[in-house]
Amino acid sequence: MMTDTAPGPALGEPRLSLPLCILLTAVLALTGCGEPRPYKETRFMMGTLVEVSVYAPEKAAVQAVSRAFDRMAQLERVAHAGHEDSPLARLRRGEAVVLEGDLARILEAGMAVARASSGAFDPAMGELVDLWGLSMDRPRRPSDGEIGEALARKAGLALPSGACCPGGAPVWMDLGGVAKGYAVDMAVELLVDAGVASGVVNAGGDLRTFGRRPGRGIWKIGIQDPDSPQELAGVLQVGQLSVATSGDYQRYFEEDGVRYHHILDPATGYPARSGLRSVTVLAPDCVTADALATAVFVLGAEKGMKLLEGWPGAEGVLIKEDGTVLLTGGIGDGIRFERAGKGIRDQG
Ligand code: AMP
Ligand code: MG
């Protein structure tokens, strides 16, 4: 099997500096004799490697792909608190911010999943995410006291609702669990509007395919093995769809032999220990797939499967700590999953 979009395991030391640990769900493009090759470009943005791969005549492809990257860069400035003038940074300083446009839509998608997951997905985790330093270049284990205080402040914090946030108390919004998916959706929208017939936008494993892949029709998407992320646990075959993966191997650091990863349980303020190592969600749009994957990771297998089974158009592949793979009911017909990893057992 040849992959022409490499998993790109910029793996490295367990003790990480930025990029902490960047791994990509592979899009396996098996290119046969005489099949057209996509035009591809990769850039580092939103804390990960983003690859846009399209089937279009070269001149049109270059232009459209460049505009898609511009759009994602614009969204990065909107949805990441690291940009000093971003609405999120201003909210953290207690400034008044009007919630509109892209920001409002990202938050709305996140809040829908927050409600459906009883808060397992929580866009108000900003202070805790910062404390752990996992979105930045300074991961550290905060003291239990620091975590308790941040949790107590979070409990008293009402996320702004409606269009306007009047300012006053700091609002610690973090959209890291949903914004990449939205950026992928917007990039695909732009490419389709530009007349590109088919392609894939892949932001570090949060990806969306569009159109029919020339020659084969379907897209093959590799799911990484959490135990050895340079290998695949399985391969999905899908049509036009979004796929997002949340896993404990994607961003983490180790201290005194303990691994601390980047998906926090809003109930405890610590990295979620739900018995899952990886959650891949398939959905018609990537913003939903992204938020659901984070939520299901926190919820664990039983509640997570229930959430996915009840969410229209969503499917999932869950890998448990013991290597068991759980599949939602809709996988097997239009969407195929073949396991590839050693020691992975199917169930469900
Ligand atoms: P993902 O990689 O999509 O699962 O999202 C993880 C990112 O979302 C983290 O780096 C944080 O910025 C943020 N995050 C962590 N825990 C949560 C949570 N429980 N709910 C919402 N966002 C979270
Ligand atoms: Mg997510």
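Residues numbered from 1 in each chain as written. Chains lettered and ligands numbered in written order. Predicted model: local features only at pLDDT ≥ 70, side-chain atom pairs only at ≥ 80, totals over all residues. Heavy atoms only, no water.

K.L.:
Looking at this structure, I do not really get the overall build of the protein. What am I missing?
P.N.:
Along its length, the protein carries eight helices and 17 strands. A buried classification covers 57% of the 348 residues belonging to the protein. Of all intrachain contacts in the protein linking residues separated by at least 6 positions in sequence, the fraction that spans at least 24 positions is 61%. Split by element, the accessible area of the protein, about 14400 Å² in all, is 50% carbon and sulfur. (Helix = DSSP H or I, 4+ residues; strand = E, 2+ residues; numbered from the N terminus. Buried < 20%, exposed > 50% of the residue type's maximum accessible area, 1.4 Å probe, protein only. Contact = heavy atoms within 4.5 Å. Areas by Shrake-Rupley, 256 points an atom, 1.4 Å probe, with all protein chains shown as cover.)

K.L.:
Mind showing me how you'd approach the coordination of the magnesium ion (ligand 2) here?
P.N.:
Around a metal, the perfect tetrahedron of four donors has angles of 109.5 degrees, and the perfect octahedron of six donors has angles of 90 or 180 degrees. The coordination sphere of the magnesium ion (ligand 2) contains the protein donors Gly177 (O), Asp290 (O), Asp290 (OD) and Thr294 (OG1), at a distance range of 2.0 to 2.5 Å. Linear spacing of the donor residues for the magnesium ion (ligand 2) on their chain is G-x112-D-x3-T. One end of the pair is aspartate 290 and the other is threonine 294, both in helix H7 (residues 286-299) and four residues apart, which spans about a single turn. Classification of aspartate 290 as buried rests on a relative accessible area of 4%. (Donors = N, O, S within 2.8 Å, 3.2 Å for Na, K, Ca; no water.)

K.L.:
Please explain the site of ligand 1 as it appears in this structure.
P.N.:
Surveying the vicinity of ligand 1 reveals 16 residues, the closest of which are Asp122, Asp174, Ser246, Leu264 and Thr294. Within the side chain of aspartate 174, a nitrogen or oxygen atom sits 2.8 Å from an oxygen atom of ligand 1. Here an oxygen atom of ligand 1 and a backbone polar atom of glycine 177 are 3.0 Å apart. Here ligand 1 has 490 Å² of accessible area as a free molecule, and 96% of this is covered by the chains. Ranked by residues supplied to the shell around ligand 1, first place goes to H7 with three residues. A class-by-class count of the residues in the shell around ligand 1 yields seven nonpolar, six polar and three charged. (Near = heavy atom within 4 Å. Polar contact = N/O pair within 3.5 Å; in protein donor to acceptor, adjacent residues only side chain to side chain. Nonpolar A, V, L, I, M, F, W, Y, C, P; charged D, E, K, R; others polar.)

K.L.:
So what exactly am I meant to see when it comes to the environment of threonine 288 here?
P.N.:
Residue placement: threonine 288 occurs in helix H7. On the basis of relative accessible area, threonine 288 is assigned to the buried category, the value being 15%. A polar contact of 2.5 Å, which involves the side chain of threonine 288, links it to the side chain of aspartate 285.

K.L.:
What am I meant to see in the confidence of the model for the protein here?
P.N.:
Any residue range with low pLDDT should be treated as having predicted coordinates unsuitable for detailed reading. Confidence along the protein averages 87 in pLDDT terms, with 85% of residues attaining 70 or more. A low-confidence stretch, residues 1-23 (pLDDT under 50), is modelled with 60 contacts involving residues beyond four sequence positions or located in other chains. Within the model, pLDDT remains below 50 along residues 342-348, and this stretch shows 19 contacts once partners closer than five positions in the same chain are excluded. (pLDDT = per-residue confidence, 0-100.)

K.L.:
Help me understand unusual backbone geometry, please; the structure alone is not making it clear to me.
P.N.:
Excluding glycine, residues mostly carry a negative phi; peptide bonds, for their part, are mostly trans. Backbone geometry places serine 118, a non-glycine residue, at a positive phi of 50°. Mapped onto the fold, serine 118 is located in the loop between helix H3 (101-116) and helix H4 (126-132). The backbone phi angle of aspartate 256 is positive, close to 50°, even though this residue is not glycine. With respect to the element layout, aspartate 256 can be found in the loop between strand E11 (252-255) and strand E12 (258-261).

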